[in-house]
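A structural walkthrough
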Amino acid sequence: MRRNAVLFVAVSLLSGLGGSANGWRSSAQEGVKLVAPLAGAGLYAWRGGHVVAVLAAVVPVLVAALYGALRLARAASAPPTAPAVGLRAGLTALLARRAVRVPVALAAASIAMSGFTTAALYDVVVTGLGLPSTFLGVLAGAQGGGSLLAGLVVGRLVRRHGEITVGVAGAVLFAAGCLGRCLPWWPGTVAASVVIGVGLPWTLVAAVTAVQTYTPREMLGRVAGTANTVMFGPITLAIPLGSAAVAVGGRPPLVLAAVACLAAALAAARPGRQPAAGGPDRWRISSGRERSRSFR
């Protein structure tokens, strides 16, 4: 899940399309997975893992150089100077609104569990199914196909049902995919990868769209950066913990991840506290307008 929340923010602010722009970018990014995993698996089988490792190390350096070459101009409507906002203020703004903190929490849980199950998937494929490790490229391609389709429809779903509902649906789909990967049948594992490819981007797009929608413009950069840390930070611990958990087998970590995501979805689906009369308005950053709809 190599996402960049800053680009999500920029796309939304420039286009005013909110969830649709986020979904289109997700589709473009995840669509590459239809080709890259299969190409990587073929290169691995042809020339060995060292060639794949070198290529995987060189490409991020090239991407970093391209990011450094970007030159962004301040929008004409933007204030000349933004007020100083610290980390505490960004975290406070992130947690203050249920419409923001719940989708971000769902995305954080799902992304963390995706890292937690990485080693388990290797074990299921190689040990449980008795397939070569190159089959992981097929699964990654299937997941990319699901993500491509998910990105095309998620914007419409967010507009119709809201960020929390889409985030809950994404977490449930991810949990279902984890359980599907436990099946001792390789077509079921492929189908489960497609389901995960749908669910995981839904949680992310819902979270990023919520941050863009409900955050005042002058705090958007700080809150987006804080949300990015909250969503992707836990995966640094989840991956090694998942690797250790494989000692008991590949399927128990997948079941544990499914239970964790289902619990998060159940907690998020509970009705939120009703706001007090005259509570804060809902900010529509992507359109530059305020609407008198409560954020609770």
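Conventions adopted
- All chains use their own residue numbering, which begins from 1 and follows the written sequence.
- pLDDT decides what is reported in this predicted model: residues at 70 or higher carry local features, side-chain atom pairs at 80 or more are listed and counted, and totals for whole chains, interfaces and linings draw on all residues regardless.
- As a rule here, side-chain values cover all heavy atoms of the structure and leave hydrogens and water aside.
- Where helices and strands are cited, they refer to DSSP runs of H or I of at least four residues and of E of at least two residues respectively, numbered from the N terminus.
- Each residue is assigned to one of three classes by its accessible area relative to the maximum for its type, calculated with a 1.4 Å probe on protein chains only: buried under 20%, partly exposed between the two thresholds, exposed over 50%.
- By the convention used here, residues are in contact when the closest approach between their heavy atoms is within 4.5 Å.
- Only the protein chains shown count as cover for residues, and the accessible areas themselves come from Shrake-Rupley with a 1.4 Å probe.
- Residues enter patches when they are more than 30% accessible in relative terms and free of salt bridges; like-charged ones are connected within 9 Å and nonpolar ones (Val, Leu, Ile, Met, Phe, Trp, Tyr) within 5 Å.
- Here, a salt bridge means any Lys or Arg side-chain nitrogen found within 4 Å of an Asp or Glu carboxyl oxygen.
- On a scale of 0 to 100, pLDDT captures the predictor's confidence in every residue.
- The definition of a nonpolar core used throughout is a set of buried Ala, Val, Leu, Ile, Met, Phe, Trp, Tyr and Cys residues joined through side-chain atoms within 4.5 Å.
- Within 6.5 Å between ring centres, the rings of Phe, Tyr and Trp (the latter by its six-membered ring) count as paired, and their orientation is classed by plane angle as stacked under 30 degrees, edge-to-face over 60, tilted in between.
- To estimate the expected span of a helix, count its residues, drop one, and scale the result by 1.5 Å.
- In this description, one arc is meant: the one made by directions from the helix axis to the C-beta atoms.
- Sulfur atoms of two cysteines make up a disulfide when they are within 2.5 Å.
- What counts as an axis is a line fitted to C-alpha atoms, over the stretch in contact for a helix, and the angles between N-to-C directions run from 0 to 180 degrees.
- Orientation is classified from the angle alone, with under 35 degrees giving roughly parallel, over 145 giving roughly antiparallel, 65 to 115 giving roughly perpendicular, and any other angle giving oblique.
- By definition, turning the near helix anticlockwise from the far helix through less than a right angle yields a left-handed crossing, and turning it clockwise yields a right-handed one.
- Gly is placed with the polar residues, together with every amino acid not listed as nonpolar (Ala, Val, Leu, Ile, Met, Phe, Trp, Tyr, Cys and Pro) or charged (Asp, Glu, Lys and Arg).
- The term bend refers to the angle at a residue between two fitted axes, each drawn through seven residues, those ending there and those starting there.

This next bit is on the overall build of the protein chain. Scanning the protein chain from N- to C-terminus turns up 13 helices and two strands. The 296 residues of the protein chain split such that 45% are buried. A fraction of 81% describes how many contacts in the protein chain between residues 6 or more apart in sequence connect residues 24 or more apart. Summing over all exposed atoms, the protein chain offers an accessible surface of approximately 14,800 Å²; the carbon and sulfur share of this is 68%.

All right, on to a nonpolar patch on the surface then. Taken together, the side chains of Leu55, Val59, Val63, Tyr67 and Leu70 define a hydrophobic patch exposed on the protein surface, amounting to about 410 Å² of accessible area. Relative to the assigned elements, Leu70 resides in the loop between helix H4 (49-69) and helix H5 (87-96).

With that settled, consider the environment of Val248. The topology assignment puts Val248 in the loop between helix H12 (235-245) and helix H13 (251-269). On the basis of relative accessible area, Val248 is assigned to the exposed category, the value being 65%. Remark: the alpha-carbon pair of Val248 and Ala120, spanning 128 residues in sequence, is separated by 9.9 Å.

Next up on the list: the confidence of the model for the protein chain. Per-residue confidence for the protein chain averages 80 on the pLDDT scale, and 75% of its residues sit at or above 70. Ranking the elements of the protein chain by mean pLDDT puts strand S2 (residues 289-291) last with 37 and helix H9 (residues 163-180) first with 97. Note on residues 1-18: pLDDT is under 50 here. Beyond four places in sequence and across chains, it has 40 contacts. Overall, residues 274-296 carries pLDDT values under 50, and its contacts beyond four positions in sequence, including any with other chains, amount to 47 contacts.

Core analysis: the largest hydrophobic core is formed by 21 residues, its most contacted members being Leu94, Val104, Val211 and Met231. Elements with a minimum of two residues in this core: H5, helix H6 (98-116), helix H10 (186-214) and helix H11 (220-232). Ignoring sequence-local partners within four residues, the contact set of Val211 consists of Leu94, Val100, Val104, Leu220, Val223, Ala224 and Ala227. Residues Met113, Ala119, Ile196 and Cys261 belong to the second largest nonpolar core, which totals 19 residues.

On to the packing of aromatic side chains, then. The full count for this structure, using the stated rule, is one aromatic pair. A centroid spacing of 6.0 Å and a plane angle of 85° characterise the contact between Phe135 and Trp186, whose relative ring orientation is edge-to-face. Highlighted residues: Phe135 in helix H8 (residues 135-161) and Trp186 in helix H10, separated in sequence by 51 residues.

Before going further, it helps to examine H13. Taking 1.5 Å as the rise per residue, H13 with 19 residues should run 27 Å; its terminal C-alpha atoms sit 27 Å apart, in good agreement. Along H13, the residues classified as buried are Pro253, Leu254, Ala257, Ala258, Cys261, Ala265 and Ala268. The buried residues of H13 occupy an angular sector of 140° when the element is viewed end-on, so they sit on one face. Close packing links the buried residues of H13 with H6, helix H7 (118-128), H9 and H12.

What follows covers the state of the cysteines. Across all of its chains, the model carries zero disulfides by this definition. No disulfide involves Cys182; its sulfur sits 7.7 Å from the nearest other cysteine sulfur, which is in Cys178. The thiol of Cys261 is unpaired, and the distance to the nearest cysteine sulfur, on Cys178, comes to 6.1 Å.

Here we come to the packing of H7 against H13. Where H7 meets H13, the axes come as close as 8 Å, and the angle between the chain directions of the two elements is 140°. On the basis of their axis angle, the class for H7 and H13 is oblique. Of the two possible hands of crossing, H7 and H13 adopt the one that is left-handed. The residues of H13 that touch H7, namely those facing Ala120, Val124 and Gly128, are Arg251, Pro253 and Leu254. A breakdown of the residues in the contact of H7 with H13 according to their chemical character gives four nonpolar, one polar and one charged.

Moving on to the environment of Ala171. Summarising the element assignment, Ala171 is placed in helix H9. Each C-alpha atom of the pair Ala171 and Ala260 lies 9.5 Å from the other, and the pair is 89 residues apart in sequence. When sequence neighbours within four positions are dropped, the list of residues in contact with Ala171 reads Leu106, Ser110, Thr203, Cys261 and Ala265.

Its 27 residues place the ends of H8 37 Å apart at the C-alpha level, agreeing with the 39 Å of an ideal helix rising 1.5 Å per residue. Bending of H8 peaks at approximately 40° at the position of Val153. Following H8 by one or two positions, Gly162 adopts a phi angle in the positive range, close to 95°.

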